[in-house]
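Residue-level structural notes
What follows is the residue order along each chain.
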Amino acid sequence: MEFTTIKGFKDILPDEVGSWQRLESTARRLFEAFGFFEIKTPLLERTELFSRGIGRETDIVSKEMYTLKDSKGNGMTLRPEATASVVRAYIQNRLYQKNPIQKLFTVGPMFRHERPQKGRFRQFHQINAELFGDTGPRSDADIIVMAMCLFDSIGFSGLSLNINSLGCQQCRPRFKSELKDFLLGKIASLCVDCRRRSETNPLRVFDCKVGACNRIVADAPSILGFLCDECRNHFESLKDYLNGSGIPFVLNHKLVRGLDYYTRTTFEIQTDRLGAQNAVAGGGRYDGLVKLLGGPDHPAIGFAVGVERVVSLMAEEFSPEVKCPDLYIAALGENAERESFQWVTDLRKYGLWVEMDYGSKGLKALMKKAGRLGAKKVLIVGDDELSSGKGVIRDMKTKAQVEVGLENIVTNLRKYFK
Ligand code: HAM
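Quick summary incoming for the structure in this document. (Residues numbered from 1 in each chain as written. Predicted model: local features only at pLDDT ≥ 70, side-chain atom pairs only at ≥ 80, totals over all residues. Heavy atoms only, no water.)

Comments concerning the packing of helix H13 (residues 334–349) against helix H16 (residues 409–416)
Contact geometry of H13 with H16 gives a least axis separation of 10 Å together with a crossing angle of 40°. Looking at the two axes, H13 sits oblique to H16. Every pair of crossing elements has a handedness; the one defined by H13 and H16 is right-handed. Only Ile409, Val410, Leu413 and Arg414 of H16 make contact with H13, whose side of the interface consists of Trp343, Asp346 and Leu347. Broken down by class, the residue content of the contact of H13 with H16 amounts to five nonpolar, no polar and two charged. (Axes fitted to C-alpha atoms, helices over the stretch in contact; angles between N-to-C directions. Helix = DSSP H or I, 4+ residues; strand = E, 2+ residues; numbered from the N terminus. Parallel < 35°, antiparallel > 145°, perpendicular 65-115°, else oblique. Left-handed = near helix turned anticlockwise from the far one by under 90°. Contact = heavy atoms within 4.5 Å. Nonpolar A, V, L, I, M, F, W, Y, C, P; charged D, E, K, R; others polar.)

See below:
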């Protein structure tokens, strides 16, 4: 039997890891500059956290969760997203007592049993940021600006920022009932799921992937026409902040974003280069979620970046950085190999990338190997060099050779590579 990865799961090979590291380290640096601290939560949580937090009618909860039972029959689920977990950690550890404004980010894998396609996997990774404790539109702007700065910092252009407001508990019910009436008029043309959703949770019809349903909601009423004064002012103020920051945006009243917890602002950053899976990041405000999950009535807003999607665009846009060893030690004979083994270790501890062959070979073969690895310099040591106390360093680019004392070779080489 040949073992291969499970459908929708993939290996991330060394060639790709450079882009992953670049994206993650850029995000860490930038998020820290915005005052965010990293948090790590378990991959497995109680199923109820997600079904209650994300919403039972959502595709994620109703179709896509990897759920298992423990020996007592309790449901546990591999996290399909990070927000509910971060909210749980915020409540459980009373993080709000340390600081009324908590800014947290997390990086790691998520699991959704979706139909795999380009840009859509069953295990995928997110870089996720959440800001707790502020209701005002400036925190919305802060979050969106941070997301846009991340793409700017990795050199992306041509992305489109879509924004919407889903209103609040005061104004959304009126929109929902209008939408319900609209959908009931088209009920025969909706898919089976959307017929049910139009009764139970009409906003979810906007998420449907069935073409006929998409065509119907294209003519649906816009929630932006139903916002109460407070929600409208909040949204207008956010738009002012974005304009002031020189960040262009598109109003998209169909952006309901697939998760039930959103209130007011939702946003998505989209590309036209990934086909159907065009969102590289998405997020929004979720002022009721902390309370819904048993915590204090604290507002929050956040977003998540889809790492695989961003990395695939980076691969198209930038050629990968080619890394080569700083030094290759061509050790000829048993004595030289034994001595060199210690030098290799000491130099590696210092942070230099040093290579040496595992098998004993002649000089010609070793030089060929050093060339294949792209080593910048080669140190040549054999019995003669050991007894004279002087090795030879060859610069592989210029072919120049210099003698180097072997007595303090590690110190000498460290100076040489400074
Ligand atoms: P989401 O829109 O479900 O939001 O996911 C955020 C991003 O994760 C998407 O824009 C996409 O780039 C990536 N993504 C989602 N599903 C997949 C998949 N199956 N394969 C590859 N990439 C995927 C959330 O998860 C919210 N928790 C975001 C948030 C944080 N809202 C507030 N705070």
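Re the site of the ligand
The environment of the ligand is formed by 26 residues, the closest being Glu81, Glu114, Glu130, Tyr262 and Ala279. Residue Glu114 places a side-chain N or O atom 2.7 Å away from a nitrogen atom belonging to the ligand. In this structure, a nitrogen atom belonging to the ligand sits 3.3 Å away from a main-chain N or O atom of Phe303. Relative to its unbound accessible surface of 660 Å², the ligand loses 95% to contact with the protein. Counting only elements with at least two residues in the shell around the ligand, the list comes to strand S6 (123–132), strand S10 (279–285) and strand S11 (300–306). Class assignment for the residues of the shell around the ligand results in 10 nonpolar, nine polar and seven charged. (Near = heavy atom within 4 Å. Polar contact = N/O pair within 3.5 Å; in protein donor to acceptor, adjacent residues only side chain to side chain. Areas by Shrake-Rupley, 256 points an atom, 1.4 Å probe, with all protein chains shown as cover.)

Considering the pairing of strand S7 (residues 160–165)
The element S7 is largely enclosed, with a buried count of five among its six residues. Relative to strand S9 (residues 265–270), S7 is paired through six bridges, and the arrangement is antiparallel. By the bridge assignment for S9, Ser165 is matched with Thr265. In terms of strand pairing, S7 meets strand S8 (residues 250–251) through two bridges, oriented parallel. When the bridges of S8 are listed, Asn162 appears paired with Val250. (Buried < 20%, exposed > 50% of the residue type's maximum accessible area, 1.4 Å probe, protein only. Pairing = 2+ DSSP bridges.)

Re the environment of Asn164
Within the fold, Asn164 resides in strand S7. Spatially, the C-alpha atom of Asn164 lies 24 Å from that of Val86, the residues being 78 residues apart in sequence. Each residue touching Asn164, except ones within four places of it in the same chain, is listed here: Ile223, Leu224, Phe235, Asn252, His253, Lys254, Leu255, Arg264, Thr265 and Thr266. There is a polar contact of 3.2 Å between the side chain of Asn164 and the backbone oxygen of His253. Of the polar contacts made by the side chain of Asn164, one reaches the backbone oxygen of Leu255; its length is 3.2 Å.

As for the packing of helix H6 (residues 137–153) against helix H10 (residues 229–244)
Between H6 and H10, the least distance of the axes is 9 Å, while the angle of their chain directions is 40°. With respect to their mutual orientation, H6 and H10 come out oblique. The two elements H6 and H10 cross, and the hand of that crossing is right-handed. Counted together, Pro137, Arg138, Asp140, Ala141 and Ile144 of H6 and His234, Ser237, Leu238, Tyr241 and Leu242 of H10 form the full contact between these two elements. Of the residues in the contact of H6 with H10, the class split is six nonpolar, two polar and two charged.

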